[in-house]
Structures are given as C-alpha cells and as structure tokens.
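Here is how the chains run, residue by residue.
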Amino acid sequence: MRAPTLLIVGSRDEPVLGLNRETQRQLRCESRLEVVDGATHLFEEPGALATVARLATDWFIEHLN
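Criteria and cut-off values
Throughout this description, residue numbers start from 1 for each chain and increase along the sequence as written. It should be noted that, the model being predicted, local features are given only for residues of pLDDT at least 70 and side-chain atom pairs only at 80 or more, the latter also being counted only at that level, while totals for whole chains, interfaces and linings use all residues. For the side-chain quantities, the full set of heavy atoms in the structure was used; hydrogens and water were omitted. Numbering of helices and strands runs from the N terminus; a helix is a DSSP stretch of H or I covering at least four residues, while a strand is a stretch of E covering at least two. By definition here, a helix of n residues has an expected span of 1.5 Å times n minus one. Accessibility here uses a 1.4 Å probe with only protein chains present; expressed as a share of the type maximum, an area under 20% marks a residue as buried, one over 50% as exposed, and anything in between as partly exposed. This arc corresponds to the set of directions leading from the helix axis out to the C-beta atoms. We call two residues in contact whenever any of their non-hydrogen atoms come within 4.5 Å of each other. Just so you know, the count uses Lys and Arg for positive and Asp and Glu for negative, and it drops His and the chain ends. Any carboxyl oxygen of Asp or Glu that lies within 4 Å of a side-chain nitrogen of Lys or Arg is treated as forming a salt bridge with it. Within 3.5 Å is the distance limit for a polar contact, defined as a pair of N or O atoms, with the added protein rule that one can donate a hydrogen and the other accept it, and that residues adjacent in sequence qualify only through two side-chain atoms. Pairs of strands are assigned from DSSP output, requiring at least two bridges between the strands. Handedness is read with the strands pointing away from the viewer; a crossover is right-handed when the path from the first strand over the helix to the second is clockwise.

*Asks:* Please provide a residue-by-residue account of helix α2 (residues 48-63), values included.
*Replies:* With 16 residues, α2 extends 23 Å between its outermost C-alpha atoms, agreeing within 8% with the 22 Å of an ideal straight helix rising 1.5 Å per residue. Of all the residues in α2, the buried ones are A48, V52, L55 and W59. What you see down the axis of α2 is that its buried residues fit within an arc of 65 degrees, all on one side. Across from the buried face of α2, at angles greater than 90 degrees, the exposed residues are L49 and A50. Check the buried side of α2 and you find it contacts β1 (5-10) and β2 (31-36).

*Asks:* Outline the environment of A56, supporting the account with residue identities and numerical values.
*Replies:* As for its placement among the helices and strands, A56 is situated in helix α2. A56 sits 10 residues away from P46 along the chain, and the two C-alpha atoms are 18 Å apart. Excluding its chain neighbours within four sequence positions, the residues that come into contact with A56 are L6 and I8.

*Asks:* Would you mind going over the side chain of D13 in detail, with residue names and values included?
*Replies:* Among the structural elements, D13 can be located in the loop between β1 and α1 (14-26). The buried charged residue D13 lacks any salt bridge partner; its closest oppositely charged side chain belongs to R12, at an N-O distance of 9.6 Å. A polar side-chain atom of D13 sits 2.8 Å from a polar atom in the side chain of H41. Excluding residues within four positions of it along the chain, D13 makes contact with A39, T40 and H41.

*Asks:* Go over the pairing of β2, please, and point to the residues and values.
*Replies:* Alignment of β1 against β2, held across 6 bridges, turns out to be parallel. From the neighbouring strand, I8 faces β2, where its bridge partner is E34. Between the parallel pair β1 and β2, the chain is carried across by α1, and the sense of this crossover is right-handed.

*Asks:* Could you give an account of unusual backbone geometry, with specific residues and numbers?
*Replies:* Phi is positive for F43, which is not a glycine, with a value near 55 degrees. Among the residues examined, F43 registers a relative accessible area of 14% and is labelled buried.

Right, dumping it as structure tokens:
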C-alpha cells in the first residue's frame, strides 16, 4: 500500500490495538495510528464516535488538499 493510511482504534480494544500497531509497523507509506482513549471496538462510549469523526475529517482535509 502506498496511500497515506489512518488507523483508528479504541484503547480498550486490546486485540485490535495490537493488530493495528503491527500493521502500522509493516506499512511502507505515511501512516498514523490514533488511539481513542477509553473506547472499545464499536466506539459506543459517549463522545468516542465524535472523536473518530474528527480524527478522520482532519486526516482527509490534510491529505486530500
């Protein structure tokens, strides 16, 4: 993969967090791993999904301009 890649995972989703860290190590492109504090797999906690939306928005604004 050569496209800039944003990985977003909840801090309480330990198995997926580990997978995302390993994935990022293997990527040979610009990447960022964002960890949403206190969030689980589906980002159901109050404010978690809004945080994901903000992170994704910021990433796309930065990379699609």
